[in-house]
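Structural overview
Spelled out, the chains give:
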Amino acid sequence: MRIAVGGIHTECSTYSPVLMQPEDFRVVRGDELPASPHFDFLKAFDADFVPLVHARAVAGGPLARSTYDLFKAEFLDRLDAAQPVDAVYLAMHGAMHVDGMWDAEGDWIAAVREAVGPDMLIACSYDLHGNVSQKIVDQIDIFAAYRTAPHIDIAETMTASVEMLTRALKDGTRPGVVRVPVPHLLPGERSSTEDEPARRLYADLPKLESDDVWRTDLMIGYVWADEPRATACAVVTGTDKKAATRAGERIAQDFWDARDDFRFGPTTGPLDEMLDIAAKATTGPVILADSGDNPTGGGVGDRGDVLAALIAAGWQDALVAGITDRAAVEQCFAAGEGATLALKIGGTLDPAGVTVETTARVVTLLDDTDPAERQTVVRIDGITLVLAARRRPYHNISDFEILGLDPAAVSLLVVKSGYLSPELAPLADPSLMALTDGVINQDIPRLPNRLRAKGTLPFEDRAHYTPKAEVSARFTG
């Protein structure tokens with residue numbers, strides 16, 4: 001079995017003014033791909049994987065069209081040079097938006113289908129926060145998506161997709177895909193699988209699988225994309241249309257029936273209320289999520305709202321990680337460790353962002369051969385602040401350790417996040433989420449809504465829904 005592997009993986013808020021460029025992506029090509037930890041799972045398969053190119057970026061704004069065209073052309077060129085192959089595996093996200101394009105993954109996958117012809121199997125893996133259009137379903141044969149949020153089953157999902165692909169190649173079966181759209185969109189922060197009802201809905205998915213139904217998935221969708229394809233849906237891979245349709249419609253109906261039961265997991269509210277709770281806490285660390293500016297959800301990551309509130313309150317023993325501001329980082333590097341300087345922090349990427357003007361002392365400089373990767377730690381009275389030259393989250397313990405910081409040793413830790421990452425969540429005592437402003441703010445019903453399908457909750461009222469499966473044009477079973 002000779003299987004081509006590659007893809008593009010990112011999530012894009014259509015409300016962000018910051019276009020993604022090639023330098024925003026981590027790109028692995030050729031032999032770099034199977035050597036990367038993300039694709040380590042391929043070693044378990046007895047197959048000849050032909051690595052093409054895979055581009056992955058922290059969630060953000062739309063891709064500049066030139067950026068997308070560059071990666072797409074390279075992928076197709078490498079696919080052509082790799083022929084002959086027996087199948088293609090695409091590691092995607094599903095919520096990519098390209099400036100001026102309404103179904104970027106549909107365009108990418110359709111181009112791959114055109115390149116390999118109608119007979120070759122194409123398998124995909126997705127994030128459960130992707131938006132799956134019928135155009136996508138009509139190009140593919142196999143689909144698998146994450147079943148956890150926070151995402152702790154990435155390798156398992158990618159493995160499942162490739163397992164189905166190798167199974168089909170070995171026994172000559174032709175699986176197909178069924179999609180059942182559900183006119184409802186939720187933010188990830190209200191649909192974590194750590195909480196009900198998502199925990200139950202996702203735990204029930206494998207119960208619907210059988211010899212004829214290979215894989216069942218529930219796509220929450222990506223709510224901050226104002227696109228025609230933006231919707232929740234069930235996606236089922238199988239070899240029997242009727243069985244796959246029954247499973248998909250059951251998943252869709254169960255999700256719809258639970259639509260009023262989704263809640264935020266942590267204690268959630270306006271920033272001032274969350275800071276009041278944090279100030280009165282007798283346990284720690286309090287971890288406060290700045291949800292509207294979360295870069296892993298598409299936020300810009302350069303807003304200074306929370307920092308400004310902490311300075312105004314004279315907060316002591318707080319750690320803010322972090323704010324993206326390359327200019328401020330460069331000023332700190334020019335001044336050197338131990339220097340005290342006036343800084344203008346935040347609002348460098350998004351013109352609508354909040355800027356803080358203050359005096360800070362440079363504590364740590366984390367250098368890199370690439371200035372875009374530099375980070376610095378500064379002190380503003382009782383507040384420790386991490387500044388980054390590049391948009392990035394601080395969700396892993398190692399993100400802090402490399403800077404000489406201990407996230408468990410402060411009374412208040414502020415991170416730009418929604419639900420907390422698996423590494424930070426166990427530290428939180430308590431966990432709070434502030435409903436802050438930003439391009440992925442949680443006030444979903446008030447988001448501008450021009451292109452989503454009519455009758456989609458919560459943008460429009462809707463009381464009735466009957467699941468109706470849409471079968472892939474390729475599904476012959």
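Placed above this text is the structure.
In what follows, the accompanying structure is described. (Residues numbered from 1 in each chain as written. Predicted model: local features only at pLDDT ≥ 70, side-chain atom pairs only at ≥ 80, totals over all residues. Heavy atoms only, no water.)

**Examining the layout of surface pockets**
Our working definition: Points on a 1 Å grid over protein atoms alone make up a cavity when a 1.4 Å probe fits among them but cannot get out, and a pocket when they form an open set with protein on both sides within 12 Å along at least five of seven lines; lining residues each have an atom within 4 Å of a point. Grid points are joined across faces, edges and corners, and a volume is the space filled by probe spheres set on the points. Residues are sorted three ways: Asp, Glu, Lys and Arg are charged, Ala, Val, Leu, Ile, Met, Phe, Trp, Tyr, Cys and Pro are nonpolar, and all the rest, Gly among them, are polar.
If you add up the space inside the second largest pocket, you get close to 350 Å³. Looking at the second largest pocket, it is lined by 23 residues, and the ones nearest its centre are Asp24, Leu349, Ala389, Arg390 and Arg391. For the lining of the second largest pocket, the residue count by class is 8 nonpolar, 8 polar and 7 charged.

**Here we look at the pattern of salt bridges**
Opposite charge on two side chains makes pairing possible when the charged atoms of those side chains draw close. Where we set the bar: In what follows, salt bridge is the name for a side-chain nitrogen of Lys or Arg lying within 4 Å of a carboxyl oxygen of Asp or Glu. Numbered from the N terminus, helices here are DSSP runs of H or I no shorter than four residues, and strands are runs of E no shorter than two. Accessibility here uses a 1.4 Å probe with only protein chains present; expressed as a share of the type maximum, an area under 20% marks a residue as buried, one over 50% as exposed, and anything in between as partly exposed.
One pass over the full model with this rule turns up 28 salt bridges. In this structure, the salt-bridge partner of Glu74 is Arg78, at a minimum N-O distance of 3.0 Å. Taken together, the residues Glu74 and Arg78, both in helix α2 (residues 65-82) and 4 residues apart, mark about one turn of the helix. The exposure class of Glu74 is buried, given its relative accessible area of 16%. You can call Arg78 partly exposed: its relative accessible area is 30%. The shortest N-O distance in the salt bridge between Arg113 and Asp141 comes to 3.1 Å. Within this pair, whereas Arg113 is found in helix α3 (residues 104-116), its partner Asp141 is found in the loop between α4 (134-137) and β6 (142-145), the two being separated by 28 residues in sequence. Overall, Asp141 belongs to the buried group, its relative accessible area being 1%. Beyond isolated ion pairs, a larger network of salt bridges with shared partners links Arg26, Asp370, Glu373 and Arg390.

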